[in-house]
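Coordinate analysis (summary)
Here is how the chains run, residue by residue.
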Amino acid sequence: MGMGDVKLAGLIGLTTGLDGVILAMTVGILAGGLAALALLASRRFDRKATMAYAPYLALGAWVALYFGATCGAPIWLERTWGCEKELAG
């Protein structure tokens, strides 16, 4: 993970909040790990090769923004509409 990935993770955290960044990083780490395993298994990469990590972080951010809401709505809609109104009844 390079400094560009760290900066991207910070931006994802600012955009999604604490709950969203935890989900985004989990999805990004799992997706990147699965891609690395697939590349290693197909012998396209060896263990010393490097791969870009930002696309997997971006995938995790997308999942967090669109599927990580607690009210069933995307996080960006939840922040616009307010989840408290839905939960209050």
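Quick caveat, the model's predicted, so the values are computed rather than measured.

**Here we look at the packing of helix H1 (residues 3-41) against helix H2 (residues 54-67)**
- At a minimum axis separation of 6 Å, H1 and H2 run at an interaxial angle of 120°. The orientation of H1 relative to H2 falls into the category oblique. Like other packed secondary-structure pairs, H1 and H2 cross with a definite hand, here right-handed.
- Among the residues making up the contact of H1 with H2, the classes are represented as 16 nonpolar, six polar and one charged.

**Examining the side chain of Thr16**
- Within the secondary structure, Thr16 is located in helix H1.
- Within the local environment of Thr16, its side chain forms a polar contact with the backbone oxygen of Ile12, the two atoms lying 2.8 Å apart.
- A distance of 3.1 Å separates the side chain of Thr16 from the backbone nitrogen of Val21, its partner in a polar contact.

**Quick look at H1**
- Along its 39 residues, H1 runs just 28 Å from first to last C-alpha, ending more than 12% under the 57 Å computed at 1.5 Å per residue.
- Its maximal kink placed at Gly17, H1 deviates by approximately 125°.
- Where H1 is concerned, the buried positions are Asp5, Ala9, Ile12, Thr16, Gly20, Val21, Ala24, Met25, Gly28, Ala31, Gly32 and Ala35.
- One or two positions beyond H1, positive phi appears at Arg43, with a value near 60°.

**Focus on the environment of Leu30**
- Secondary-structure assignment places Leu30 in helix H1.
- Using a relative accessible area of 54% as the deciding quantity, one classes Leu30 as exposed.
- In this structure the C-alpha to C-alpha distance between Leu30 and Tyr56, which are 26 residues apart in sequence, comes to 8.6 Å.

**A word on the side chain of Asp5**
- Following the sequence through the fold, Asp5 ends up in helix H1.
- The side chain of Asp5 sits in the buried core without any salt bridge; Lys7 is the nearest counter-charge, 11 Å away.
- In contact with Asp5, other than residues within four places in its own chain, are Tyr53, Ala54 and Leu57.

**Structural notes on the nonpolar core**
- If you look at the biggest cluster of nonpolar residues, it comprises nine residues: Ala9, Ile12, Val21, Ala24, Met25, Tyr53, Leu57, Ala61 and Ala64.
- If one sorts the elements of this core by residue count, H1 sits on top with five residues.
- With near-sequence residues (within four places) excluded, Ala9 lies in contact with Val21 and Met25.

Conventions and cut-offs
Residues numbered from 1 in each chain as written. Predicted model: local features only at pLDDT ≥ 70, side-chain atom pairs only at ≥ 80, totals over all residues. Heavy atoms only, no water. Axes fitted to C-alpha atoms, helices over the stretch in contact; angles between N-to-C directions. Helix = DSSP H or I, 4+ residues; strand = E, 2+ residues; numbered from the N terminus. Parallel < 35°, antiparallel > 145°, perpendicular 65-115°, else oblique. Left-handed = near helix turned anticlockwise from the far one by under 90°. Nonpolar A, V, L, I, M, F, W, Y, C, P; charged D, E, K, R; others polar. Polar contact = N/O pair within 3.5 Å; in protein donor to acceptor, adjacent residues only side chain to side chain. Expected span 1.5 Å × (residues − 1). Bend = angle between axes of the 7 residues up to and from the residue. Buried < 20%, exposed > 50% of the residue type's maximum accessible area, 1.4 Å probe, protein only. Lys, Arg positive; Asp, Glu negative; His and termini not counted. Salt bridge = Lys/Arg side-chain N within 4 Å of Asp/Glu carboxyl O. Contact = heavy atoms within 4.5 Å. Core = buried A, V, L, I, M, F, W, Y, C linked by side-chain atoms within 4.5 Å.

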